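Architecture at a glance
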Amino acid sequence: MNKHTDFAPLLTRAAEAETTSDPSSVMTLLADSDTTGGLLTSYRSTFAEGAVGAPAHFHTRAAELFFVIDGSLRVLVNEEVTVLNSGDFLLVPPNTPHAFAAATGSTADVLFVFTPGMARFDYLRLLGRVMRGEASPQEIKDSSEQYDNHYVDSPAWRAELAS
């Protein structure tokens, strides 16, 4: 059977969804690639005011979609920083450096979707453990190929976070 049709309809109730957190955000795990026939992976993140979401990075195998449910999110795409507000949508193609954080003075509630799907829930769990001091940042570096998360330096993003 076709990989993309070999899955049952998926309903994830908010009250029953697994969450993982770090000191400044909560991630609600909605659908990973193993439950969507590889079509997508999706989670929702709520960022506290001043929360830094992710440093500059790119994915080689998936596009990443951002939909801001509420609040405002600063986003780097290549070397350009913009602010996404409630209702804004952004699609970042593979191999495009990007980063994100709650906009200055704002919280952010954001739906993330990766397509095609990638097994990312273990990465999000690891990220939470690192942010809470329960795991080493080296574990994230060591998992870059496994989770298709490749970190890069961005002078524009460093300047944005310093402002």
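Just above sits the structure.
Residues numbered from 1 in each chain as written. Predicted model: local features only at pLDDT ≥ 70, side-chain atom pairs only at ≥ 80, totals over all residues. Heavy atoms only, no water.

Concerning the pattern of salt bridges
A pair can form between side chains of opposite charge whenever their charged atoms are brought close. One pass over the structure, following the stated rule, counts 6 salt bridges. Here R125 and D122 are joined by a salt bridge, their closest N and O atoms 2.5 Å apart. Remark: D122 and R125 occur in helix α1 (residues 121–131); sequence separation between them is 3 residues, near one turn of the helix. Looking at D122, the relative accessible area reads 45%, which means it is partly exposed. (Salt bridge = Lys/Arg side-chain N within 4 Å of Asp/Glu carboxyl O. Helix = DSSP H or I, 4+ residues; strand = E, 2+ residues; numbered from the N terminus. Buried < 20%, exposed > 50% of the residue type's maximum accessible area, 1.4 Å probe, protein only.)

Observations regarding the packing of aromatic side chains
For the coordinates displayed, the defined rule picks out 8 aromatic pairs. Here the aromatic rings of Y43 and F114 are separated by 6.3 Å at their centres, their planes lie at 20 degrees, and the arrangement is stacked. Within this pair, whereas Y43 is found in strand β3 (residues 41–47), its partner F114 is found in strand β9 (residues 108–115), the two being separated by 71 residues in sequence. Comparing Y43 with F114 shows no difference in burial state: the two are buried. With a centroid separation of 6.0 Å and an interplanar angle of 65 degrees, the aromatic rings of F47 and F100 are classed as edge-to-face. Highlighted residues: F47 in strand β3 and F100 in strand β8 (residues 98–102), separated in sequence by 53 residues. What links up through ring pairs into an aromatic cluster is the set Y43, F47, F66, F100, F112 and F114. Residue placement shows R120 over the ring face of F114; its charged tip is 4.4 Å from the ring centre. (Phe/Tyr/Trp six-rings, centres within 6.5 Å; stacked < 30°, edge-to-face > 60°. Lys NZ or Arg CZ within 6 Å of the ring centre and 35° of its normal.)

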